[in-house]
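Okay, here's what each chain looks like letter by letter:
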Amino acid sequence: AVKDFETILAMPETPVRARALVQLGNAHVRLAEALNATGDTSGAAVEFEHALDSYENPEASGPGLDQNNHAAEGVYLDTLEDVADAQLAGAAKTPDNWTQRRMLSKALGALDQILARDPKRAVALKRDAETRSLLVGNITDAGRQKLEEGRKTMAAGKFKSAYVPMRDANDLANEAMNINPDDSRAKAFLAD
């Protein structure tokens, strides 16, 4: 169905284009629901996003458009919360700092999408603050290791070899500041 509706939308001006956008959105919702049923919340979130793109297209019109858009947005935000929760749970289970940072970044991405659509969503606001704090902690831990490696290399007189770990430490300090410029750990690490 998605391919058929996309074919209609690719045609030059057609009288059914506005309704095809709504039906394309509906098809993406059905795909999202199927993916959610299998536990693929990330895939479901992508399909809900496609549905909302169709519903929110200025050319879209037809019966049920507003109702479908509102319903899809609510389920989309709930699905993004599930994605963030899964990433946070995964990050808590792994001892590897790099993997934790990657998972926390994905959780933060989902939370950012939620807050872009609903800036007052209390659960997302709380999780966003917690995730930013965890991520800054992980980034500064990794950065401090790089900083120490660079300092030891410089102390051994290998200044050229110290460049890469010192550059990496600086990049991580800037990344931590971008995540939360008010975090005292990020500020202290950048100063170091």
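Residues numbered from 1 in each chain as written. Predicted model: local features only at pLDDT ≥ 70, side-chain atom pairs only at ≥ 80, totals over all residues. Heavy atoms only, no water.

Engineer: Explain helix 5 (residues 97–117) to me, please; I cannot follow it from the model alone.
Structural biologist: Residue pairs three or four apart in sequence face the same way in an α-helix, which turns once every 3.6 residues. Here helix 5 contains 21 residues, and its C-alpha end-to-end distance of 30 Å stays within 8% of the 30 Å for a straight helix at 1.5 Å per residue. Every buried residue of helix 5 is accounted for by Asn97, Gln100, Arg101, Met103, Leu104, Ala107, Leu108, Ala110, Leu111, Ile114 and Leu115. (Helix = DSSP H or I, 4+ residues; strand = E, 2+ residues; numbered from the N terminus. Expected span 1.5 Å × (residues − 1). Buried < 20%, exposed > 50% of the residue type's maximum accessible area, 1.4 Å probe, protein only.)

Engineer: Would you mind showing me how to read the packing of helix 2 (residues 17–37) against helix 4 (residues 65–93) here?
Structural biologist: Across the interface, helix 2 lies against helix 4 with an axial gap of 11 Å and an inter-helix angle of 30°. Between helix 2 and helix 4, the angle is such that the two are roughly parallel. Relative to helix 4, the crossing made by helix 2 is left-handed. Touching Val22, Asn26, Val29 and Asn36 of helix 2 are Leu65, Asn68, Ala72 and Thr79, all from helix 4. Partitioning the contact of helix 2 with helix 4 into residue classes produces four nonpolar, four polar and no charged. (Axes fitted to C-alpha atoms, helices over the stretch in contact; angles between N-to-C directions. Parallel < 35°, antiparallel > 145°, perpendicular 65-115°, else oblique. Left-handed = near helix turned anticlockwise from the far one by under 90°. Contact = heavy atoms within 4.5 Å. Nonpolar A, V, L, I, M, F, W, Y, C, P; charged D, E, K, R; others polar.)

Engineer: I tried to follow the pattern of salt bridges on my own but got confused; where do I start?
Structural biologist: Where charged atoms from two side chains of opposite charge approach closely, those side chains can pair. Counted under the stated rule, the structure contains 15 salt bridges. With a shortest N-O distance of 3.0 Å, Arg127 and Asp85 are connected by a salt bridge. Of this pair, Arg127 sits in helix 6 (residues 122–155) while Asp85 sits in helix 4, placing them 42 residues apart in sequence. Across the pair Lys146 and Asp168 runs a salt bridge whose closest N-O atoms are separated by 3.9 Å. Highlighted residues: Lys146 in helix 6 and Asp168 in helix 7 (residues 159–179), separated in sequence by 22 residues. Judged by its relative accessible area of 29%, Lys146 falls in the partly exposed class. Sharing partners across several salt bridges, the network here consists of Asp78, Glu81, Asp85, Arg121 and Arg127. (Salt bridge = Lys/Arg side-chain N within 4 Å of Asp/Glu carboxyl O.)

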